[in-house]
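Reading the structure
Okay, here's what each chain looks like letter by letter:
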Amino acid sequence: IVASAKKALNDVDLILFMVEPDTKFGPGDIYIAEILKDLNIPIVLVVNKVDSVSPNDIILVLNRWSEEFHFSDYIPISALKGDNIQRLIDLVFTYLEEGPMYYPEDVITDRPEEFVVTEIIREKVFNNTKEEIPYSVAVDLREYSDADGKMYIAADIIVERDSQKGIIIGKQGQMLKKIGSQARVDIENLLATKVYLDLHVRFKKNWRNKSNLLKDLGYKES
């Protein structure tokens with residue numbers, strides 16, 4: 001996954017590097033900064049969650065990063081409260097040139113609808129489990145078929161640790177039922193048809209380090 005992300009950096013026009021003011025500057029930050037130093041691409045430092053700290057803390061974060069790296073711009077935001085979000089959007093547009101229309105106006109993504117369906121399910125996992133589940137969750141479609149005017153979708157929610165299964169399933173299966181119910185509503189809106197959604201949780205140790213599985217899940221090119 002990291003290799004795919006690094007490869008994608010060569011094909012973008014702007015990079016938003018998001019940090020949090022209450023997270024200590026560590027080796028991971030230095031690693032990312034070293035990668036960015038080799039790129040001839042505008043990079044904007046976005047400091048999120050500024051609503052959780054004092055203005056002085058925000059200044060300290062900006063100063064610390066300024067010592068480590070030269071950014072094209074800096075902007076503090078609060079995604080939770082919406083502070084400076086429009087300013088960030090406006091800033092992004094100042095760095096992007098208008099290009100040709102590669103797709104029709106009604107096309108919102110170049111990814112297949114199956115991929116969008118898996119992302120909807122992942123979103124519901126994140127929204128409902130919050131900090132309990134890290135972002136090492138994948139969704140694998142086992143079946144995607146249309147019969148009698150209804151879509152039948154069977155999918156596995158894949159986790160890295162066996163203990164995470166219980167969190168997603170929840171007491172008497174209530175969490176998994178909630179995730180499935182919310183996902184089904186959004187998927188029906190996307191596909192404009194009735195959907196039967198069958199979800200299961202599977203444990204696959206260290207799935208992010210397995211090349212073949214990453215390809216099957218769409219995170220790595222063949």
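Considering the pairing of strand β5 (residues 150–159)
Most of β5 sits out of view: 8 of its 10 residues are buried. The pairing of strand β4 (residues 138–147) with β5 spans 9 bridges and is antiparallel. Note that in β5 the partner of S145 across the bridge is Y152. Bridge analysis of β5 against strand β6 (residues 194–203) gives 10 bridges, and the strand direction is parallel. Along β6, the bridge assignment pairs I153 with L197.

As for the sheet that holds β6
Pairing within the open sheet is mixed, and its 3 strands lie in the order β4-β5-β6. In this open sheet, the two edge strands, each paired with only one partner strand, are β4 and β6. Strand-to-strand, the axes of this sheet are offset by a mean angle of 15 degrees, without reference to chain direction. Strands β5 and β6 of the sheet are contacted by helix α6 (residues 162–169), whose axis makes an angle of about 150 degrees with β6. Contacts between helix α7 (residues 174–191) and the sheet are confined to β4, β5 and β6, with β6 contributing the most and set at about 135 degrees to the helix.

Quick look at the packing of aromatic side chains
According to the stated counting rule, one finds 6 aromatic pairs in the structure shown. With a centroid separation of 6.2 Å and an interplanar angle of 35 degrees, the aromatic rings of F17 and F71 are classed as tilted. Placement of F17 in strand β1 (residues 15–19) and of F71 in the loop between α3 (55–68) and β3 (73–76) is noted, with a sequence separation of 54 residues between them. We classify F17 as buried; its relative accessible area is 9%. Residue F71 is classed as buried on the basis of its relative accessible area of 2%. Pairing F71 with Y74 gives two aromatic rings, centres 5.7 Å apart and planes at 70 degrees, and the pair type is edge-to-face. Taken together, the ring pairs in this structure connect F17, W65, F69, F71 and Y74 into an aromatic cluster. It is R111 that lies over the ring of F115; its NZ or CZ is 3.8 Å from the centre.

Brief notes about the environment of L14
For L14, the position within the fold is in the loop between α1 (2–8) and β1. Residues L14 and Y95, spaced 81 residues apart in sequence, show a C-alpha to C-alpha distance of 7.0 Å. Filtering out sequence-adjacent residues up to four positions away, L14 remains in contact with I41, P42, I43, V44, V92, Y95 and L96.

Remarks on the pattern of salt bridges
Counted under the stated rule, the structure contains 9 salt bridges. Note that R122 is salt-bridged to E119, the shortest N-O span being 3.1 Å. In this pair, R122 and E119 both sit in helix α5 (residues 113–129), 3 residues apart, roughly one turn of the helix. Salt-bridge contacts for K124 lead to D186; the nearest nitrogen and oxygen are separated by 2.6 Å. With a gap of 62 residues between them, K124 in helix α5 and D186 in helix α7 connect regions that are remote in the sequence.

Considering helix α4 (residues 85–95)
Those residues of α4 not exposed but buried are L88, L91 and V92. Seen from one end, α4 has its buried residues packed into an arc of 100 degrees, which puts them on one side. What points out from α4, more than 90 degrees from its buried face, is the exposed set F93 and T94. Buried-residue contacts for α4 involve β1, β2 (43–47) and β3.

Quick word on the side chain of T129
Looking at where T129 falls in the secondary structure, it is placed in helix α5. At 2.6 Å, the side chain of T129 and the backbone oxygen of V125 are in polar contact.

Considering α5
With 17 residues, α5 extends 25 Å from end C-alpha to end C-alpha; this agrees with the ideal 24 Å at 1.5 Å per step. Among the residues of α5, V117, T118, I120, I121, R122, K124, V125, F126, N128 and T129 are the ones counted as buried. Residues of α5 that are buried sit in contact with β4, β5, α6, α7 and β6. A positive phi of about 55 degrees marks K130, the residue just after α5.

Cut-offs used in this document
- Residues numbered from 1 in each chain as written.
- Predicted model: local features only at pLDDT ≥ 70, side-chain atom pairs only at ≥ 80, totals over all residues.
- Heavy atoms only, no water.
- Buried < 20%, exposed > 50% of the residue type's maximum accessible area, 1.4 Å probe, protein only.
- Helix = DSSP H or I, 4+ residues; strand = E, 2+ residues; numbered from the N terminus.
- Pairing = 2+ DSSP bridges.
- Axes fitted to C-alpha atoms, helices over the stretch in contact; angles between N-to-C directions.
- Contact = heavy atoms within 4.5 Å.
- Phe/Tyr/Trp six-rings, centres within 6.5 Å; stacked < 30°, edge-to-face > 60°.
- Lys NZ or Arg CZ within 6 Å of the ring centre and 35° of its normal.
- Salt bridge = Lys/Arg side-chain N within 4 Å of Asp/Glu carboxyl O.
- Arc of directions from axis to C-beta.
- Polar contact = N/O pair within 3.5 Å; in protein donor to acceptor, adjacent residues only side chain to side chain.
- Expected span 1.5 Å × (residues − 1).

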